[in-house]
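Notes for the structure review
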Amino acid sequence: MAILRSVLLAVGWAVSSVSAIDISIKATGGNATSHQYGFLHEDINHSGDGGIYAELIRNRAFQYGERFPVSLAAWSPVNGAKLKLNRLDEPLSEELPVSMNVETGNADGRIGFSNTGYWGIDVKKHKYTGSFWVKGAYEGNFTASLQSALNGDVFGSVDIESTSLGDDWVEHEIELIPDTDAPNSNNTFTLTFDSAGVKDGSLDFNLISLFPPTYRGRKNGLRVDIAEALEELHPTFFRFPGGNMLEGDSIDTWWDWKASLGPLRNRRGFQNTWGYQMTNGLGLMEYLLWAEDMGMELIVGVYGGLSLDGYIVPEDELQPWVDDALNQIEFIRGPANSTWGAKRAELGHPEPFELNYVEIGNEDWLAGGAAGWESYKKYRFPTFLKAINEAYPDITVISSGATTDGYRIPEPGIGDYHPYRKPDEFLSEFNLFDNEPIPHVIGEVSSTHPNGGIGWDGPLAPWPWWIGSVGGAVGLISYERNADRIYGTFYAPILRNLNSYQWAITMIQHAADPALTTRSTDWYIWELFAAHPLKETLPVTGDLNPLFYVAGKSTKDSLVWKGACYNTTDHESVPVSVSFEGVETGTRAQLTLLTGPEDPYAYNDPWSGVNVVETTNNVLEANEEGAFEFEMPELSVAVLDTHFEEESELEESSK
Ligand code: AHR
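Residues numbered from 1 in each chain as written. Predicted model: local features only at pLDDT ≥ 70, side-chain atom pairs only at ≥ 80, totals over all residues. Heavy atoms only, no water.

Following Ala 492, the chain continues into Pro 493 via a peptide bond in cis, with omega recorded as -15°. Topologically, Pro 493 is positioned in the loop between strand 23 (486-491) and strand 24 (495-497). Cis geometry is found at the peptide bond from Asn 545 to Pro 546, where omega equals 15°. Residue position: Pro 546 is located in the loop between strand 28 (540-541) and strand 29 (547-554). Not every positive phi belongs to a glycine, and Asn 79 is a case in point at roughly 55°. Here Asn 79 shows up in the loop between strand 4 (75-78) and strand 5 (82-86). Overall, Asn 79 belongs to the exposed group, its relative accessible area being 54%. At Asn 280, a residue that is not glycine, the phi angle is positive and equals roughly 65°. Judged by its relative accessible area of 3%, Asn 280 is buried. (Helix = DSSP H or I, 4+ residues; strand = E, 2+ residues; numbered from the N terminus. Buried < 20%, exposed > 50% of the residue type's maximum accessible area, 1.4 Å probe, protein only.)

The structure is reproduced here in structure tokens:
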């Protein structure tokens, strides 16, 4: 990241033929706000399995669904072993009924199998932990190793003494520290054993799992580099589990939170809506701990009675779904002596999680067409709203639709708006919420299609791109200036595995190799805006377009102005004068300016590693009129804040 820091007092304007934009900000008269920035997570783009969920072994338990047949994908035999899928009479569990049978056949010496991971495995000199389950009689050692897929170089291995029994499943633990880092991520995990020690010609294996060190050291936890790239965004709001993943393809395949709890051997996995089978290793508890570890407020989506195939739960069959949502809420925030709170306590978290927002369904105006939306307005949303409000009067219930489409949300429900837009469209929607009295969240937002193109009739743009990011910033400003009624803004989709994805637009891209974890151009804008949370908006006057802005008092009691400069006349920079009522001459503020590349379609490319966003920090002094003067180039984004670290502190903190 290019960060330039300098102390540049009283910057003033360069010569410009464009007339200055004078912005005056009143000291009082705005609205209190607790608007928050965050993101939606569902498993799309292998953002969970193969993404933030740190499991390294792909297809670890041979899970499957109707759409995704069970397979040996990612597994290969080693030294002549014969691999096949097996359905034993006594499987590892009811939920994991298929195992991998490894037959010795005519093979001699050490045989076994290897796994390619999620398109590679990152091997570093740190501790890997995991386990595998074996059924069958074997005397001898297993050898677990991490090796190069290119030339078989072994970076680290460990022998594990067999405690296997002939007729029962036995778990064997793995602890492995490689002697050296691998030069790239083209590596495999391999498990071998001595064919001579196998009594009955074959062994069965299941739930073969290996984790690197995880974020905050949690067992079954999150991948450190991806979690840190998210944490550095200062997110304080977290919406999960969707998104389409929550709805499921059919009534039988909605994301049932109950099936995502407890020991991994009791998780069947989940046929997700994004074209692959999920492990469900990233389950409800893992989501809650993720939010807790990053200090994020929750919006939990509960199944609302509509599936993506358009199936609508009839009114007289809705009650079990309402009860299920109430149980889920009790699991999350009920006392440890309540029925579901006790289950949470059993799983190691007796203290209730804080839960103030519950959303009913997802985009109910979409999948079921007119009938789905009608049923949502007529009975589905009102029934959930009433039941949740009666049981938990303090919970804000969110409808999955917005009033901007003419929908009158029954009180005290609030709305959810999902603008996936061309950058120009954020300008045309700038005033959308200005006169809207009902609160909303912007539950999913990103710039998805280039200006002038065919929009949703064509594919998404291949990456977040600079003009898309600045257009998106105009959107963020439009929400934050209504921050008393827009409770939060959520980026979506948040992550993308570069090897397998459905949506190209994402905040962060990743692959097995952490060096490819890439913060997109969107990331820099969201990070900057989220780093300056407001507690109060302040009334602002001044011309809009090409400059869009919001001002307020920050949670640190400082004065803050956030702005985005979009397309200017003749591409000229815009002189800006920002005066806060009551600010005296000589008051200092830091201006953080994000500028982009010459090519507005440029993006942050994981393979070149070049960041096209330049960040500049300057300290300004208010002039004789108490105004801060500076220039904003076309397609730039800025935050001015009277609270900042002085240069010496900056130097100190960067040591
Ligand atoms: O973010 C991708 C998808 O877009 C979400 O699953 C859905 O809610 C929206 O249509």
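With respect to the element layout, Lys 422 can be found in the loop between strand 21 (420-421) and helix 7 (423-428). Although Lys 422 lies buried, it forms no salt bridge, and the closest oppositely charged side chain, Glu 425, sits 4.6 Å away as judged by the N-O distance. Within polar-contact distance, the side chain of Lys 422 engages the backbone oxygen of Gly 453 at 3.0 Å. Excluding anything up to four places from it in sequence, Lys 422 contacts His 449, Pro 450, Asn 451, Gly 452, Gly 453 and Gly 455. (Lys, Arg positive; Asp, Glu negative; His and termini not counted. Salt bridge = Lys/Arg side-chain N within 4 Å of Asp/Glu carboxyl O. Polar contact = N/O pair within 3.5 Å; in protein donor to acceptor, adjacent residues only side chain to side chain. Contact = heavy atoms within 4.5 Å.)

The next point concerns the domain arrangement of the protein chain. Domain boundaries in the protein chain define domain 1 (14-54 + 215-235 + 422-654), domain 2 (75-211) and domain 3 (246-289 + 296-417). Taking only C-alpha atoms into account, the centre of domain 2 sits 38 Å from that of domain 3. The interface of domain 2 with domain 3 comprises eight residues on the first partner and six residues on the second. Regarding the contact of domain 2 and domain 3, the summed buried area is about 620 Å², with carbon and sulfur atoms giving 59% of it. Considering only the side of domain 2, the residues that lose the most area to domain 3 are Glu 95, Leu 96 and Leu 207, jointly responsible for 57% of the buried surface there. On the surface where domain 2 and domain 3 come into contact, there are zero salt bridges. Remark: the boundary between domain 2 and domain 3 carries one residue pair in polar contact (both at pLDDT 80 or more). (Domains from an automatic or database assignment. Buried area = accessible area lost by both parts, 1.4 Å probe.)

Let us look at the sheet that holds strand 4. Ordered in space as 4-7-12-9-10, the five strands form an open sheet in which the pairing is antiparallel. In this open sheet, the two edge strands, each paired with only one partner strand, are strand 4 and strand 10 (154-161). Shown here is a sheet whose adjacent strand axes are inclined to one another by a mean of 20°, direction ignored. Pairing of strand 4 with strand 7 (residues 110-115), which is carried by four bridges, proceeds in the antiparallel orientation. Counted as the bridge partner of Trp 75 is Asn 115 from strand 7. (Pairing = 2+ DSSP bridges. Axes fitted to C-alpha atoms, helices over the stretch in contact; angles between N-to-C directions.)

Space inside the largest pocket adds up to approximately 860 Å³. Taken together, 30 residues form the lining of the largest pocket, with Phe 211, Arg 218, Lys 219, Asn 220 and Leu 264 sitting closest to its centre. Within the residue set of the lining of the largest pocket, elements represented by two or more residues are strand 8 (128-135), strand 11 (169-176), strand 13 (202-211) and helix 3 (284-294). Taken together, the residues of the lining of the largest pocket break down into eleven nonpolar, ten polar and nine charged. (1 Å grid on protein atoms, 1.4 Å probe; cavity = no way out; pocket = protein on both sides within 12 Å on 5 of 7 lines; lining within 4 Å. Points joined across faces, edges and corners; volume = space filled by probe spheres on them. Nonpolar A, V, L, I, M, F, W, Y, C, P; charged D, E, K, R; others polar.)

Running from amino to carboxyl end, helix 8 (residues 466-480) crosses helix 9 (residues 521-530) at an angle of 25°, the nearest separation of the two axes being 8 Å. Relative to helix 9, the element helix 8 lies roughly parallel. Between helix 8 and helix 9 lies a crossing whose hand is right-handed. Touching Trp 466, Ser 469, Val 470, Ala 473, Leu 476 and Ile 477 of helix 8 are Thr 521, Asp 522, Ile 525, Trp 526 and Phe 529, all from helix 9. Partitioned by chemical class, the residues of the contact of helix 8 with helix 9 number eight nonpolar, two polar and one charged. (Parallel < 35°, antiparallel > 145°, perpendicular 65-115°, else oblique. Left-handed = near helix turned anticlockwise from the far one by under 90°.)

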